[in-house]
Amino acid sequence: MIAILDERTQGFLEFLNKNYGTEQKCVLSVLNCQDSVCEKDDGKEMQSCFIPWLDQIVLTTCNPPDGIYDHKGKLASKWYEDNYTLLKLAHEYAHFLQKYGKLPDPEDLDENEDIADKFSHKVVKEFIATE
């Protein structure tokens, strides 16, 4: 059998499609065994990103880095570490939803990231309640 994602992550994708799906297509590209998908201008590595101009692609790794921090630089909680891949997928999917008006899309980068973070935490908690 060939698998790209573990069962839990695949189940989460199905949950997102069922509960937060759109008519627009978002393609997930998984970089297994990679530490990052790209580097930011400041040299920090990113474990996920949404690329709206390349066929609505979400890039993500599935291997959490050592020492996980949120976008504000705060050390992540155990819950965040345990649900790292799901949170990253949901965060980037939120940016996709923002592009299509399904979530607010403010110009302010911090506010934009806060919306994606809140969405990701909300949907991961909803998913966990169904497990």
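Everything here concerns the structure above.
Residues numbered from 1 in each chain as written. Predicted model: local features only at pLDDT ≥ 70, side-chain atom pairs only at ≥ 80, totals over all residues. Heavy atoms only, no water.

Q: Any chance you could explain the overall build of the protein chain here in plain terms?
A: Looking only at helices and strands, one finds four helices and five strands in the protein chain. Reading the helices (α) and strands (β) of the protein chain from amino to carboxyl end gives α-β-β-β-β-β-α-α-α. For the protein chain, the proportion of its 131 residues judged to be buried stands at 40%. For the protein chain, restricting intrachain contacts to residue pairs at least 6 apart in sequence, the fraction spanning at least 24 positions comes to 62%. (Helix = DSSP H or I, 4+ residues; strand = E, 2+ residues; numbered from the N terminus. Buried < 20%, exposed > 50% of the residue type's maximum accessible area, 1.4 Å probe, protein only. Contact = heavy atoms within 4.5 Å.)

Q: Would you take a moment to explain the packing of aromatic side chains for this structure?
A: The description of an aromatic ring pair rests on the distance of the ring centres and on the angle between the ring planes. Counted by the stated rule, this structure contains seven aromatic pairs. Summarising the aromatic geometry, the rings of Tyr80 and Tyr84 are spaced 6.3 Å apart at their centres and angled 70° between planes, so their arrangement reads as edge-to-face. Exposure class is identical for Tyr80 and Tyr84. Each is buried. What links up through ring pairs into an aromatic cluster is the set Phe12, Phe15 and Phe127. Above the face of the Trp79 ring, Lys125 is positioned so that its terminal group lies 5.7 Å from the ring centre. (Phe/Tyr/Trp six-rings, centres within 6.5 Å; stacked < 30°, edge-to-face > 60°. Lys NZ or Arg CZ within 6 Å of the ring centre and 35° of its normal.)

Q: I keep staring at the packing of helix H1 (residues 7–20) against helix H4 (residues 109–130) and nothing clicks. Help me out?
A: Any two packed helices are characterised by how steeply their axes cross, that is the angle between the axes, and by the distance between the axes. Packing of H1 against H4 brings their axes to within 10 Å, and their N-to-C directions diverge by 110°. Taken together, the axis directions place H1 and H4 in an arrangement best described as roughly perpendicular. Residues Arg8, Gly11, Phe12, Phe15, Leu16 and Tyr20 of H1 pack against Phe119, Lys122, Val123, Val124, Glu126, Phe127, Ile128 and Thr130 of H4. Of the residues that constitute the contact of H1 with H4, the class distribution is nine nonpolar, two polar and three charged. (Axes fitted to C-alpha atoms, helices over the stretch in contact; angles between N-to-C directions. Parallel < 35°, antiparallel > 145°, perpendicular 65-115°, else oblique. Nonpolar A, V, L, I, M, F, W, Y, C, P; charged D, E, K, R; others polar.)

Q: Would you explain the packing of H1 against helix H3 (residues 84–99) in this entry?
A: Closest axis-to-axis distance for the H1/H3 pair is 10 Å, and the angle between their directions is 30°. Judged on the interaxial angle alone, H3 and H1 are roughly parallel. In the crossing of H1 with H3, the sense of the turn from one axis to the other is right-handed. Across the interface between the two elements, Arg8, Thr9, Phe12, Leu13, Leu16 and Tyr20 from H1 touch Thr85, Leu86, Leu89, Ala90, Tyr93 and Leu97 from H3. (Left-handed = near helix turned anticlockwise from the far one by under 90°.)

Q: Would you take a moment to explain the nonpolar core for this structure?
A: Counting 27 residues, the largest nonpolar core has Phe12, Tyr20, Tyr93, Phe119 and Val123 as its most contacted members. When contributions to this core are tallied by element, the ones reaching two or more residues are H1, H3 and H4. Element by element, the count of residues in this core is highest for H3, at nine residues. The residues touching Val123, leaving out its near neighbours within four places in the chain, are Phe12, Phe15, Leu16, Tyr20 and Ala90. (Core = buried A, V, L, I, M, F, W, Y, C linked by side-chain atoms within 4.5 Å.)

Q: Before we go on, may I ask you to explain the environment of Leu5 in this structure?
A: By secondary structure assignment, the location of Leu5 is in the segment before H1. Taking the relative accessible area as the measure of exposure, Leu5 reaches 13% and is therefore buried. When the C-alpha positions of Leu5 and Val30 are compared, they lie 8.1 Å apart, and in sequence the two are 25 residues distant.

Q: Just to check I follow, could you spell out the pattern of salt bridges for this structure?
A: Should their charged atoms come close, side chains of opposite charge can pair. A complete count under the given rule lists three salt bridges for this structure. We note a salt bridge from Glu131 to Arg8, for which the minimum N-O separation is 2.8 Å. Of this pair, Glu131 sits in the segment after H4 while Arg8 sits in helix H1, and the two are 123 residues apart along the sequence. The class for Glu131 is exposed, based on a relative accessible area of 55%. Assessed through its relative accessible area of 28%, Arg8 is described here as partly exposed. A salt bridge links Lys122 to Glu126, with the nearest nitrogen and oxygen atoms 3.0 Å apart. Residue Lys122 and its partner Glu126 are both found in helix H4; the two are separated by four residues, about one turn of the helix. Classification of Glu126 as partly exposed rests on a relative accessible area of 28%. (Salt bridge = Lys/Arg side-chain N within 4 Å of Asp/Glu carboxyl O.)

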